[in-house]
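Summary of structural features
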Amino acid sequence: EDYLLNGSAAVDGLLATATAYVPGTATGYTPATLVDDIRIAKLQVRKALYPASGVVMNPEDWAKIELLKDTQNAYLFSSVTSGAVPTLWGMPVVQSDSMPEGSFLVGAFSLATQIWDRMGMTVRASTEDGDNFSENMVTILFEKRLALEINRPEALVYKAAA
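Residues numbered from 1 in each chain as written. Predicted model: local features only at pLDDT ≥ 70, side-chain atom pairs only at ≥ 80, totals over all residues. Heavy atoms only, no water.

**Thoughts on the side chain of Asp 36**
Within the secondary structure, Asp 36 is located in helix H3 (residues 34-47). In this structure Asp 36 is buried but unpaired, with Arg 39 as the nearest side chain of opposite charge at 9.0 Å. Polar side-chain contacts of Asp 36 include one of 3.2 Å to the side chain of Tyr 29. When residues no more than four places from it in sequence are discounted, the contact partners of Asp 36 are Tyr 29 and Pro 31. (Helix = DSSP H or I, 4+ residues; strand = E, 2+ residues; numbered from the N terminus. Buried < 20%, exposed > 50% of the residue type's maximum accessible area, 1.4 Å probe, protein only. Lys, Arg positive; Asp, Glu negative; His and termini not counted. Salt bridge = Lys/Arg side-chain N within 4 Å of Asp/Glu carboxyl O. Polar contact = N/O pair within 3.5 Å; in protein donor to acceptor, adjacent residues only side chain to side chain. Contact = heavy atoms within 4.5 Å.)

Here's what the structure looks like:
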C-alpha cells in the first residue's frame, strides 16, 4: 500500500504522479474545510472528463470528519452507536496509514491506473541463510511482484498537507 501510494527511490507512486489540487477550480468559491477541498478535488477530476470514484485519506482525517458537529452539537456524518459508512460526496473513503495526515487523493482510479500482477504471493523458508542451521533458526521470505501503471494522471488529484 505504501509503495503504491508513495513509490520508492526508483519508482514514482500515485501521489508523485497525480495532478496537484487547485482550490480555485470552482469559480468564485473558496473551500473552507477538508470536506470542501475533497468536493472541489472531485470537481477537478470531473473537469478533466473523468468520474471520480474514491478518496484516500489518513484515518485521523476521517475521524475528524466523523466528529464534525452542527450548531446544536449533533454529529453531521455519523451516529455514535453505529458509526458512519466511510463515504464523502458519493465516493467511498479508503483510510490509509500511508497517506500523510492532512493530505488526500481523489481519483477515477480504475480509469487512471492499472496494477499488473506479475507474481502471486509466495512464502519461502530456509535454514541455509547465514548461520541459521547452527543457530537452529529459519529465515522466511514473503514476496509479491506488482507493477503500477498510471495512464491518466489528470484523473488523480492530490492535495498535500499544508
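**A closer look at the sheet that holds strand S2 (residues 54-57)**
Strand order across the open sheet formed by six strands is S1-S8-S5-S2-S4-S3, with mixed pairing between neighbours. Looking at strand neighbours, the two that pair on one side only are strand S1 (19-20) and strand S3 (87-88), the edges of this open sheet. Pairing between S2 and strand S4 (residues 91-95): three bridges, direction parallel. Across the sheet, residue Val 55 finds its bridge partner in S4, namely Val 93. Lying on the sheet, H3 is in contact with S1, S2, S3, S4, strand S5 (104-107) and strand S8 (156-159); it crosses S5 at an angle near 35°. With respect to the sheet, helix H4 (residues 59-66) is in contact with S2, S3 and S4, its orientation differing from that of S2 by roughly 110°. (Pairing = 2+ DSSP bridges. Axes fitted to C-alpha atoms, helices over the stretch in contact; angles between N-to-C directions.)

**Topic: the pattern of salt bridges**
On inspection of all chains with the given rule, the structure shows five salt bridges. Measuring nitrogen to oxygen at the nearest pair gives 2.8 Å for the salt bridge that ties Glu 101 to Lys 64. Of this pair, Glu 101 sits in the loop between S4 and S5 while Lys 64 sits in helix H4, and the two are 37 residues apart along the sequence. Residue Glu 101 is classed as partly exposed on the basis of its relative accessible area of 36%. Here Lys 64 falls in the partly exposed class, since its relative accessible area comes to 47%. Between Arg 145 and Glu 143 there is a salt bridge, and its shortest N-O distance comes to 3.3 Å. Connected through shared salt-bridge partners, Arg 124, Glu 143 and Arg 145 make up one network.

By themselves these figures say nothing about function.
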